[in-house]
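# Summary of structural features
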Amino acid sequence: MLKQFATDDRQKRYLDILANECNRETELINDLLDLQRLEAGRSQIQQEVVDLDSWLPSVLDPFRNRMQQRQQSLEIVRPPTLPPLLSNRHALARVLAELLNNACKYSPAGAQIIVRFDPIGGDRLQIQVSNPSEIPSEELPRIFEKFYRIPNADPWQQGGTGLGLALTQKLVEQLQGEIHVHSAAGMTTFTLSLPTASGDPTP
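As a starting point, this report considers the structure included with it.

Conventions used here
- Residues numbered from 1 in each chain as written.
- Predicted model: local features only at pLDDT ≥ 70, side-chain atom pairs only at ≥ 80, totals over all residues.
- Heavy atoms only, no water.
- Salt bridge = Lys/Arg side-chain N within 4 Å of Asp/Glu carboxyl O.
- Helix = DSSP H or I, 4+ residues; strand = E, 2+ residues; numbered from the N terminus.
- Buried < 20%, exposed > 50% of the residue type's maximum accessible area, 1.4 Å probe, protein only.
- Phe/Tyr/Trp six-rings, centres within 6.5 Å; stacked < 30°, edge-to-face > 60°.
- Contact = heavy atoms within 4.5 Å.
- Pairing = 2+ DSSP bridges.
- Axes fitted to C-alpha atoms, helices over the stretch in contact; angles between N-to-C directions.

### Regarding the pattern of salt bridges
- Tallying each qualifying case throughout the model produces five salt bridges.
- Between E48 and R89 there is a salt bridge; the shortest N-O distance is 2.4 Å. A residue pair is termed long-range when its members are at least 10 positions apart, and E48 in strand 1 (residues 48-50) and R89 in helix 3 (residues 89-105) qualify at 41 residues.
- Take R89: its relative accessible area is 33%, and that puts it in the partly exposed class.
- A salt bridge links R142 to E145; the nearest nitrogen and oxygen atoms lie 3.1 Å apart.

### Quick look at unusual backbone geometry
- Phi is positive for Q71, which is not a glycine, with a value near 60 degrees.
- Structurally, Q71 can be placed in the loop between helix 2 (52-69) and strand 2 (73-77).
- Residue class for Q71 comes out exposed when judged on its relative accessible area of 53%.
- The backbone of Q176 sits at a positive phi, close to 60 degrees, despite the residue not being glycine.
- Topologically, Q176 is positioned in the loop between helix 4 (164-174) and strand 6 (178-184).
- Judged by relative accessible area, which is 31%, Q176 ranks as partly exposed.

### Observations concerning the packing of aromatic side chains
- What the rule picks out here adds up to one aromatic pair.
- Consider the rings of F144 and F190, whose centres lie 6.3 Å apart with planes at 85 degrees: the pair is edge-to-face. Taken as a pair, F144 in the loop between strand 5 (124-131) and helix 4 and F190 in strand 7 (residues 187-195) lie far apart in primary sequence, 46 residues in all.
- With relative accessibility at 7%, the residue F190 sits in the buried group.

### Points about the environment of T196
- Along the chain, the position of T196 falls in the segment after strand 7.
- When near neighbours in sequence (up to four residues on either side) are disregarded, T196 contacts P83, P84, L85, L86, G122, D123, R124 and L125.

### A short note on the sheet that holds strand 6
- With mixed pairing, the five strands of this open sheet are ordered in space as 2-4-5-7-6. Looking at the sheet topology across the chains shown, the edges are occupied by strand 2 and strand 6. Taking each pair of neighbouring strands and ignoring which way they run, the sheet shows an average axis angle of 15 degrees.
- Pairing of strand 2 with strand 4 (residues 112-120), which is carried by five bridges, proceeds in the parallel orientation. Across the sheet, the residue bridging to S73 is Q112, located in strand 4.

Nothing here speaks to function; it is all geometry.
Pasting the structure below:
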């Protein structure tokens, strides 16, 4: 009976490994196809008015549960009312998910991850995602390259395709926005600038 249990456990581990690898290969293929379409200009994002006050909780709340499992915390810094964006719900959700996934992945247990929303200039909204990890200065110029991953920077051994930030940059461009990264003094911050619905969508 003990031998049977041991065999069953081993089989389950092998199946879990196979399932994870299949999921990773599927993610890689999908990311490659999406990136190819964006780079070739065959994927045009339809802009719409996004009411952030009602929409954001559906995007941010799932990450609270994930962070709790790693003893991390999520702090949202924002004014009482946010301006609506001229954007696209699906693309914007993917951008925020990528930045929050990276913040979780590259932060240790006990870390606080901060998302800050700041209206700027009357026609733009700045969104910053900060986490307590530092990217070496020599790696920063490559951060948005396809397949690039920062060496030895994944404390959770989560892995990835190396395409997430390249896709994010292309999506932000399609949304008529800008994205930058700053990393120093033990903190990394990704900054988005996106057009509000009342502003000119051209940066």
